[in-house]
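Here's the letter readout for the chains.
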Amino acid sequence: DTGVSQDPRHKITKRGQNVTFRCDPISEHNRLYWYRQTLGQGPEFLTYFQNEAQLEKSRLLSDRFSAERPKGSFSTLEIQRTEQGDSAMYLCASSLAGTRNYGYTFGSGTRLTVV
Amino acid sequence: AQTVTQSQPEMSVQEAETVTLSCTYDTSESDYYLFWYKQPPSRQMILVIRQEAYKQQNATENRFSVNFQKAAKSFSLKISDSQLGDAAMYFCAYRGPYNNNDMRFGAGTRLTVKP
């Protein structure tokens, strides 16, 4: 296991189109997080899963955003009817519940550009 | 709500010298965790160093050390013998004591290392 993988690395889409990103966490990690990072800012929390259950969603996660983790392994983040304001880096991270002092392991992110 | 503030958007250091990045945070909790993450250009965020609030001893990882001042709610990162590979965005992060996602990030400091 080489860490958290995200696909694609880059995505350019036209406004109004739907996009889907994938995250594969570290296999033994049961928690998976999605963050959004805009230029010059730190990551902002979107949502997280413990196993297949989505336990928390940020107010940043509008109705156009949906995330799933159907089998408690990989996760997908879908954005419907994309807007230019959705352009950002979308980061995925994973951790093992009960190891709060170890922080998260991040993926390389998916950079979304909405034109 | 917990907030994390990094007041230095950019810092510069000469190779082999020492630089200190500042971070302050706001919390009403007594037990929490603090982290510094490094994000090189177009690469994933990696954990540099972590500190448990109940530990008085400042954490050290090779050339990286922290100055944790709990009363002042300050958590600065010192990089000694700076190397060109240290050039990156550095994010300070706070995580609370409870069993949910509450990791909050500062806006980051861009560190430039001059040869």
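Residues numbered from 1 in each chain as written. Chains lettered and ligands numbered in written order. Predicted model: local features only at pLDDT ≥ 70, side-chain atom pairs only at ≥ 80, totals over all residues. Heavy atoms only, no water.

Caption draft 1: Geometry of the interface of chain B and chain A. Each partner contributes residues to the interface: chain B has 24 residues there, and chain A has 23 residues. Put simply, chain B and chain A have 0 salt bridges between them. Where chain B touches chain A, the interface holds 5 residue pairs in polar contact (both at pLDDT 80 or more). Secondary structure elements with two or more residues in the side of chain B that touches chain A: strand E5 (33-39), strand E6 (46-52), strand E10 (88-95) and strand E11 (104-105) of chain B. The greatest single-element share of the side of chain B that touches chain A, amounting to 4 residues, is contributed by E5 of chain B. (Contact = heavy atoms within 4.5 Å. Salt bridge = Lys/Arg side-chain N within 4 Å of Asp/Glu carboxyl O. Polar contact = N/O pair within 3.5 Å; in protein donor to acceptor, adjacent residues only side chain to side chain. Helix = DSSP H or I, 4+ residues; strand = E, 2+ residues; numbered from the N terminus.)

Caption draft 2: Summary view of the packing of aromatic side chains. For the coordinates displayed, the defined rule picks out 19 aromatic pairs over all chains. Linked through ring pairs, Tyr33, Tyr35, Phe45, Tyr48, Tyr104 and Phe106 of chain A together with Phe35, Tyr37 and Phe105 of chain B together constitute an aromatic cluster. Here arginine 22 of chain A stacks its cationic end above the ring of phenylalanine 74 of chain A, 3.9 Å away from the centre of that ring. (Phe/Tyr/Trp six-rings, centres within 6.5 Å; stacked < 30°, edge-to-face > 60°. Lys NZ or Arg CZ within 6 Å of the ring centre and 35° of its normal.)

Caption draft 3: Structural view of the pairing of strand E9 (residues 88-95) of chain A. All names here are of chain A. Where burial is concerned, most of E9 is hidden: 8 out of the 8 residues are buried. Because side chains alternate across E9, one face comprises the buried residues Ala88, Tyr90, Cys92 and Ser94, and the other comprises Met89, Leu91, Ala93 and Ser95, equally buried. Bridge analysis of strand E4 (residues 31-37) against E9 gives 7 bridges, and the strand direction is antiparallel. Its bridge partner being in E9, arginine 36 is matched across the sheet by tyrosine 90. Examined bridge by bridge, E9 and strand E11 (residues 110-114) share 3 bridges and lie antiparallel to one another. From the neighbouring strand, methionine 89 faces E11, where its bridge partner is arginine 111. Of the pairings in the sheet, the one linking E9 to strand E10 (residues 105-106) comprises 2 bridges and is antiparallel in character. The partner of serine 94 across the bridge, within E10, is threonine 105. (Buried < 20%, exposed > 50% of the residue type's maximum accessible area, 1.4 Å probe, protein only. Pairing = 2+ DSSP bridges.)

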